[in-house]
Amino acid sequence: MKTSHALRRTIGVTAFVLVLTAGHAAAHHDDDSGRQPVRDNNTQDYDHNNLTEGGAMACDHGAAQLGRSEISVELGADDIHCHDSFEWGGYRGTSRCTSTNWWNDRCDHYRVWFNTSGVDSTPDTLLERNYWKRLGCHEFGHTGSISHVSGSSCMRTGVDTSVYNSQVLTQDDLDHINDAL
């Protein structure tokens, strides 16, 4: 069966138009493993819950990085709750939505854990402070609905205590956070 020239041209033009009108995709934010539910609003409070010095540094730095997006972040007990944990061989940090709103299934409360196992929780060197700040940036990025990425963002998987790690959200990360709500 022969396909007419007009049909081939119509299919080609349609494919071209679909490519041109496709929505903007955030670069490198395509790893949906561990994806967090979207926050319920753009005002996020955070609090400290019996944190070590390192945990407090991570929590404050993560909040500051998240605050660079369209989200207003300040101290308070409503949205993001920071805790230390001790889990031998576990993840360095974890964030999880612990409560969603029944009317829109968006996250109302997040819990962020900083694992103190095997690390100095009283950071007194630049390298130790870098580790904690990177950890806070990473976990708070998850509360902004960012998955793991490749590149120079703090959202890369893995953190090393013996090298300097990115401790900032990139502009791509911030754009992704802003587009999530």
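Just so it is clear, the model here is predicted, and its values are computed rather than measured.

(A) Layout of the environment of Gln167. Examined against the element boundaries, Gln167 turns out to sit in the loop between α3 (126-143) and α4 (171-180). By relative accessible area, Gln167 is classed as partly exposed at 24%. Between the C-alpha atom of Gln167 and that of Arg129, which follows or precedes it by 38 residues, the distance is 10.0 Å. Dropping the residues within four chain positions of it, Gln167 is found in contact with His61, Gln65, Arg129, Asn130, Lys133, Arg134, Cys137 and Cys154.

(B) Seen up close, the pairing of strand β2 (residues 72-75). Here strand β1 (residues 43-49) pairs with β2 via 4 bridges, running parallel. Counterpart to Asp45 in the pairing with β2 is Glu74. For the crossover from β1 across helix α2 (residues 53-66) to β2, the handedness is right-handed.

(C) The state of the cysteines, seen in detail. Summed over all chains, the structure comprises 3 disulfides. The disulfide that involves Cys59 links it to Cys82, with 2.2 Å between the sulfurs. Residues Cys59 and Cys82 share a disulfide whose torsion about the S-S bond is about 80 degrees; that sign makes it right-handed. With Cys59 in helix α2 and Cys82 in strand β3 (residues 80-85), this residue pair connects regions lying 23 residues apart in the sequence. For Cys137, the disulfide goes to Cys154, at an S-S distance of 2.1 Å. Residues Cys137 and Cys154 share a disulfide whose torsion about the S-S bond is about -65 degrees; that sign makes it left-handed. Of this pair, Cys137 sits in helix α3 while Cys154 sits in the loop between α3 and α4, placing them 17 residues apart in sequence. Sequence-ordered numbering of the disulfide-bonded cysteines in the protein chain gives the connectivity 1-2, 3-4, 5-6.

(D) Seen up close, the pairing of β3. In terms of burial, β3 is a largely internal element, 6 of the 6 residues being buried. When β1 meets β3, the two strands line up parallel, connected through 4 bridges. Of the residues in β3, the one forming a bridge with Asp47 is His81. Note: β3 against strand β5 (residues 107-115), 6 bridges, orientation parallel. Bridge assignment links Cys82 to a residue of β5, and that residue is Val112.

(E) Representation of the nonpolar core within the structure. Residues Cys59, Ile80, Phe114, Trp132, Phe140 and Leu169 are the most contacted members of the largest nonpolar core, which totals 30 residues. Secondary-structure elements contributing two or more residues to this core are α2, β3, β5, α3 and α4. For this core, the element with the highest residue contribution is α2, accounting for 6 residues. Setting aside residues no more than four positions away along its own chain, Ile80 makes contact with Gln44, Asp45, Tyr46, Asp47, Leu66, Tyr110, Val112, Phe140 and Thr143.

(F) Spatial organisation of the confidence of the model for the protein chain. Looking at the protein chain as a whole, its pLDDT mean stands at 83, while 80% of the residues score no less than 70. The model gives residues 11-33 a pLDDT under 50, and that stretch makes 16 contacts with residues more than four places away or in other chains.

About the cut-offs
Once a new chain begins, its residue numbering starts again from 1 and follows that chain's sequence as written. A pLDDT threshold of at least 70 governs which residues receive local features in this predicted model, and a stricter bar of 80 or more applies before side-chain atom pairs are shown or counted, although totals over entire chains, interfaces and linings include all residues. Remark: hydrogens and water are excluded; side-chain values derive from all non-hydrogen atoms of the structure. Each helix is a run of H or I in the DSSP string that is no shorter than four residues. Each strand is a run of E no shorter than two, and both are numbered from the N terminus. A 1.4 Å probe rolled over the protein chains alone gives each residue an accessible area, and that area as a share of the maximum for its type sets the label: buried under 20%, exposed over 50%, partly exposed in between. Only heavy atoms enter the contact rule, under which two residues are in contact if any of them lie within 4.5 Å. Should DSSP find at least two bridges between two strands, the strands are regarded as paired. Handedness of a crossover: with both strands directed away from the viewer, a clockwise path from the first strand across the helix to the second marks it as right-handed. Our working definition of a disulfide is a cysteine sulfur pair at a distance within 2.5 Å. Buried residues of nine kinds, namely Ala, Val, Leu, Ile, Met, Phe, Trp, Tyr and Cys, make up a nonpolar core once their side-chain atoms join them within 4.5 Å. Residue-level confidence of the predictor is what pLDDT reports, using numbers from 0 through 100.

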